[in-house]
Amino acid sequence: MTGTVRMLRALAAAGAALLAVTAAAPVAAARPEPKAPPEFVDLRSVDPTIITEMRYTTAHNFMGEPVEGYRQPVCILTRPAARALRTAQRSLLRKGYSLKVYDCYRPQRAVDHFVRWAEDLDDQVMKAEFYPSVDKTRLFEDGYIAEKSGHSRGSTVDLTLVKLPALPTRPYVPGEKLAPCYGPKGERFPDSSVDMGTGFDCFDTLSHTDDPRVRGAQRANRQFLKETLTGLGFVNLAEEWWHFTYKPEIFPDTYFDFPVARRSVAGH
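Residues numbered from 1 in each chain as written. Predicted model: local features only at pLDDT ≥ 70, side-chain atom pairs only at ≥ 80, totals over all residues. Heavy atoms only, no water.

Draft legend 1. Highlighting the pairing of strand 5 (residues 156-163). Of all the eight residues making up strand 5, seven are buried; the element is thus mostly covered by neighbouring parts of the structure. By the bridge criterion, six bridges tie strand 4 (residues 97-103) to strand 5 in an arrangement that is antiparallel. Paired with Leu 99 across the strands is Leu 161, a residue of strand 5. Relative to strand 7 (residues 243-246), strand 5 runs antiparallel, the two sharing three bridges. Pairing of Val 157 across the sheet is with Phe 244, part of strand 7. (Buried < 20%, exposed > 50% of the residue type's maximum accessible area, 1.4 Å probe, protein only. Helix = DSSP H or I, 4+ residues; strand = E, 2+ residues; numbered from the N terminus. Pairing = 2+ DSSP bridges.)

Following this line, the structure appears as structure tokens:
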């Protein structure tokens, strides 16, 4: 037997042994990422004129970091909710305004991230802007954080009004000096929104839609937004001027966990 033949047989034997070990080892099946049911759509596919500023894909939120489950800055909603926003947008454009969305569908993993953050009392990086007057120990008791969110059902949206022509919101720079979310508009973080009296996600009673301390143009702006949307089937959450749910909900009892990404609604 030549040296070459012996070498080839040795390699073949080693390969067979490796295959045997591989076949005997348990194979870890890759868990497929959940996708949205066909009733969900990307809002831009329904109305590309609505401004999208998805805060939880960025560090400019009450936690100070991108939120788990938000892969891309895309607004995903159930189709009836998206169509109702399109109707509202057509009316607003004629009046010189546009809708701007901050958050839409929210996966359960993001809500879980909120809960973990709220339980970590040492993490108060963004307190000076988003909850300057609220002790973090009270976030659950006061209803600012919960273990379930209507956003996860797909028909709830956080949004505001922008006067046209719309100016872009400058990027938030992590570590920059923070200003209270309920301060005068010129002192709060700059936002293209009309003046609603507070910024988005302001953990304060001044965010209550009909708080009597909010008057003048700020109150008028809140009522304009509310009246525009409630006439189309949306219901406002009284504690948050920006929070609206389209009724009736397609999935009133289901809390989804597919990621906020275009692939989640691809082909819808």
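Draft legend 2. Up close: the side chain of Ser 98. Among the structural elements, Ser 98 can be located in strand 4. When its relative accessible area of 2% is taken as the criterion, Ser 98 is described as buried. Polar side-chain contacts of Ser 98 include one of 3.0 Å to the side chain of Gln 89. (Polar contact = N/O pair within 3.5 Å; in protein donor to acceptor, adjacent residues only side chain to side chain.)

Draft legend 3. Quick peek at the sheet that holds strand 2 (residues 51-52). The strand order across the open sheet built from five strands is 2-4-5-7-6, with neighbouring strands paired in mixed fashion. The open sheet has two edge strands with one neighbour each: strand 2 and strand 6 (234-236). Contacts from helix 3 (residues 79-94) reach strand 4, strand 5, strand 6 and strand 7 within the one sheet, and its direction differs from that of strand 4 by about 145 degrees. Across the face of the sheet, helix 6 (residues 216-230) comes into contact with strand 4, strand 5, strand 6 and strand 7 while running at roughly 125 degrees to strand 5. (Contact = heavy atoms within 4.5 Å. Axes fitted to C-alpha atoms, helices over the stretch in contact; angles between N-to-C directions.)

Draft legend 4. Representation of the packing of helix 3 against helix 6 within the structure. Following both chains from N to C, one finds helix 3 and helix 6 inclined at 130 degrees, their axes separated by 9 Å at the closest point. For the element pair helix 3 / helix 6, the angle class is oblique. Crossing angle aside, the handedness with which helix 3 passes helix 6 is right-handed. Two secondary-structure elements touch here, helix 3 through Leu 85, Ala 88 and Leu 92 and helix 6 through Phe 224, Thr 228 and Leu 229. (Parallel < 35°, antiparallel > 145°, perpendicular 65-115°, else oblique. Left-handed = near helix turned anticlockwise from the far one by under 90°.)

None of this, on its own, says anything about what the molecule does.
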